[in-house]
Amino acid sequence: VQLQASGGGLVQAGGSLRLSCAASGRTFPPYAMGWFRQAPGKEREVVALISGSGGNTYYADSVTGRFAISRDNNKNTVYLQMNDLKPEDTAVYYCAARPSRYYDTNNPQADFGSWGQGTQVTVSS
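Below or above, wherever it landed, is the structure these notes cover. (Residues numbered from 1 in each chain as written. Predicted model: local features only at pLDDT ≥ 70, side-chain atom pairs only at ≥ 80, totals over all residues. Heavy atoms only, no water.)

So, on to the overall build of the protein. Counting secondary structure elements, the protein contains 0 helices and 11 strands. Counted from the first residue to the last, the protein has its helices and strands arranged as β-β-β-β-β-β-β-β-β-β-β. Taken over C-alpha atoms, the radius of gyration comes to 13 Å for the protein, in line with the 14 Å a tight globule of 125 residues would show. Referenced to the eigenvectors of the C-alpha coordinate spread, the extents of the protein come out at roughly 40 × 30 × 25 Å. Relative to all contacts within the protein whose residues are 6 or more apart in sequence, the contacts with residues 24 or more apart total 58%. As presented, the protein carries roughly 6400 Å² of accessible surface, and 44% of it is formed by carbon and sulfur atoms. Each charge class in the protein can be summarised by its mean position, and for the 11 positive and 9 negative side chains these summaries are 8 Å apart. (Helix = DSSP H or I, 4+ residues; strand = E, 2+ residues; numbered from the N terminus. Rg over C-alpha atoms; globule rule 2.2 N^0.38 Å. Contact = heavy atoms within 4.5 Å. Areas by Shrake-Rupley, 256 points an atom, 1.4 Å probe, with all protein chains shown as cover. Lys, Arg positive; Asp, Glu negative; His and termini not counted. Charge placed at Lys NZ, Arg CZ, Asp CG, Glu CD.)

Here we take up the pattern of salt bridges. Counted according to the given criterion, the structure contains 4 salt bridges. Across the pair Asp89 and Arg66 runs a salt bridge, and its minimum N-O distance is 2.8 Å. Here the residue Asp89 occupies a position in the loop between β8 (77–82) and β9 (91–98), and Arg66 occupies one in the loop between β6 (57–59) and β7 (67–72), the gap between them amounting to 23 residues. Exposure remark for Arg66: the relative accessible area of 10% places this residue in the buried category. Sharing partners across several salt bridges, the network here consists of Arg37, Glu45, Arg66 and Asp89. (Salt bridge = Lys/Arg side-chain N within 4 Å of Asp/Glu carboxyl O. Buried < 20%, exposed > 50% of the residue type's maximum accessible area, 1.4 Å probe, protein only.)

What follows deals with the sheet that holds strand β1 (residues 2–6). Strand order in the open sheet formed by 4 strands is β1-β3-β8-β7, and the pairing between neighbours is antiparallel. Here the strands that pair on one side only, and so sit at the sheet edges, are β1 and β7. Along the sheet, successive strands turn relative to each other by an average axial angle of 15°, direction set aside. Bridge count for β7 against β8 is 6 bridges, and the pairing is antiparallel. The partner of Asp72 across the bridge, within β8, is Thr77. (Pairing = 2+ DSSP bridges. Axes fitted to C-alpha atoms, helices over the stretch in contact; angles between N-to-C directions.)

In structure tokens form, the structure reads like this:
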């Protein structure tokens with residue numbers, strides 16, 4: 001599966017952005033998808049995950065209540081709606097696919113093997 005992330009940009013604190021991740025290639029059955037981010041000098045971290053059907057989601061504590069992950073399987077696209085953005089949300093955001101309908105709730109980052117190219121999100125204070 002090939003992934004193309006888009007929607008990043010520069011926004012002031014308190015603002016919103018919506019990221020999109022378009023999948024192509026082998027997308028059936030619908031894979032679990034995730035958004036991850038990596039800030040300069042920091043390790044990559046999971047932001048949000050969604051199961052293949054969209055019925056299950058997972059959020060990092062730092063974004064719970066502010067971010068929302070969703071998907072449209074008819075369009076092979078996953079979204080990340082980011083509200084009330086903070087300077088600490090500044091990072092390169094990546095989407096990724098896991099070759100399973102579900103993510104591992106005990107190890108959320110496990111087995112995400114297909115990655116998009118990343119989109120920069122910068123939040124100014």
